[in-house]
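# Summary of the model geometry
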Amino acid sequence: MPRAILCILDSVGIGGAPDAAAYGDEGANTLGHIAEACAAGKGDRDGLRKGLISLPNLDALGLGAAARLSTGMLPPGFSETPKGGRYGVGREVSKGKDTPSGHWEMAGVPVPFTWGYFPQTYPTFPADLIEKFIAEAKLPGILGNRHASGTTIIAELGEEHIRTGRPICYTSIDSVFQIAAHETHFGLDRLYEICEIAFQLTAPLMIGRVIARPFVGESPSDFKRTGNRRDFAIPPPEPTLLDRAKAAGRQVFAIGKISDIYAGHGVTHKIKASGNMMLFDRTLEALDMAADGAFIMVNFVDFDQEFGHRRDVPGYANALEQFDNRLSELIAKLRPDDLLVLSADHGNDPTWKGSDHTREQVPILCFSPTLSAGTVGIRPTFADIGESIAHWLGLAPGRHGRSFL
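A brief look at the structure comes next. Note that the coordinates shown come from a computational prediction; the quantities given were computed from them, not determined experimentally.

Another point: unusual backbone geometry. Here tyrosine 122 and proline 123 are connected by a cis peptide whose omega angle stands at -5 degrees. On the secondary structure map, proline 123 appears in the loop between α4 (99–106) and α5 (127–137). Phi angles above zero are rare outside glycine, and arginine 311 is one such case at about 55 degrees. Tracing the sequence through the fold places arginine 311 in the loop between α11 (302–308) and α12 (313–333).

This is the structure in structure tokens:
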């Protein structure tokens, strides 16, 4: 039986979402603006990269053509003539521009409700929520209590956290309650414990995730988040592609934060990793282990976490080029009937205002040695991605979306 690999390039949007204005994102274009910045010399950084963005493997699969289909403009450094596979554009129907919505819809389950969000005020969290959290978690108090960039707030409050034992609690424009704490001074297991308590308290507010953000170091100059992040997430409201594959007796490899996003549902093999290159290594290893009919899903989080939120154009461009450099390794491992799909869950334009996700359309790139070249057009829902993979794997159709294969 054929196998399928779905790689999520976290936040690599290609602009053009028809409802972007409703989110304050009309004109945002993650890939296009990065390419334009590189062409203007704004993507240069000594010792890192220089010049036009160069993504020959992704471009050959249709990334440039997908970007042009999405916005009508071809980004600098790209071609509009793919060399193989099928390309298209994904358009999200779920409300919001967050990780769970994009991933669930991609796996065949559009989000049927509106997530809860915390206001952009200070303090941001409801007083009664924090009172219950402090009491039930037996904490001396909390720090933060505002919208913030994770790396920035850790640098600001990390030393006070170590001194007082108060965890750093913050949020973003996404439906999240994030808790940062030191792995050794506070304890990793203790962090997970209080995150579980926070998850039980925030679930009635429809907050999608409570995220444990452990870090190490002794001062702002060397504080660093580790790979032991854990997301405590509300489960999808109905079976996803992962559940359907598992129920059919297939292996389901969830690499990186995939298992957390789906609250562990539908996963047979959970593989944790930190950093895009390590995630790529684990993906290659999973492909070696995958039996006939297996489904592999991986999220390459660095594009979003390390460069999109930090508004780092050179870093984002370099990360894309590093991924592209290794893509040929993955393609070389494919068996004749394997399917590789590359897409994204939302945008995070590093040239845009603020430091949060952007509502954008996403690329759909499909490759198999046995798949003819062409376009799948603009798909009306991300769910078409999941249904196409289900069709390829020989699984029964789901309730949402339609296969383009």
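From this point on, the discussion continues.
Right, let's talk about the sheet that holds strand β11 (residues 295–300) for a bit. Pairing is mixed in the open sheet, where eight strands are placed in the order β10-β9-β11-β1-β12-β13-β2-β14. Both edges of this open sheet fall to β10 (269–271) and β14 (374–379), since each of them pairs with a single strand only. Each strand of the sheet is rotated relative to its neighbour by a mean of 15 degrees, with strand direction disregarded. With three bridges joining them, strand β12 (residues 339–343) and strand β13 (residues 362–367) adopt antiparallel strand pairing.

Nonpolar side chains in soluble globular proteins tend to end up buried together. Ranked by internal contacts, the top residues of the largest apolar core, which has 111 residues, are Phe133, Phe177, Ile179, Phe295, Leu342 and Ile389. Per-element tally for this core: the top contributor is helix α7 (residues 183–202), with ten residues. Of all hydrophobic cores here, the second largest spans nine residues; its members include Leu143, Ile154, Phe215 and Phe223.

Burial within strand β6 (residues 209–216) is extensive, with seven of its eight residues counted as buried. Inspection of the sheet shows strand β5 (residues 176–182) paired to β6 by seven bridges, in the parallel sense. Among the inter-strand pairings, alanine 180 is bridged to a residue of β6, identified as arginine 213. For the crossover that starts at β5, traverses α7 and ends in the parallel β6, the hand is right-handed. Where β6 lies against strand β8 (residues 230–233), four bridges are found, and the strand directions are antiparallel. Counted as the bridge partner of arginine 209 is alanine 233 from β8. Here β6 runs beside strand β7 (residues 224–225); their pairing, made up of two bridges, is antiparallel. Looking across to β7, one finds that valine 216 is bridged to lysine 224.

What counts and how
Residues numbered from 1 in each chain as written. Predicted model: local features only at pLDDT ≥ 70, side-chain atom pairs only at ≥ 80, totals over all residues. Heavy atoms only, no water. Helix = DSSP H or I, 4+ residues; strand = E, 2+ residues; numbered from the N terminus. Pairing = 2+ DSSP bridges. Axes fitted to C-alpha atoms, helices over the stretch in contact; angles between N-to-C directions. Core = buried A, V, L, I, M, F, W, Y, C linked by side-chain atoms within 4.5 Å. Buried < 20%, exposed > 50% of the residue type's maximum accessible area, 1.4 Å probe, protein only. Right-handed = clockwise from strand over helix to strand, strands pointing away.

Any functional reading would require information that these geometric values do not contain.
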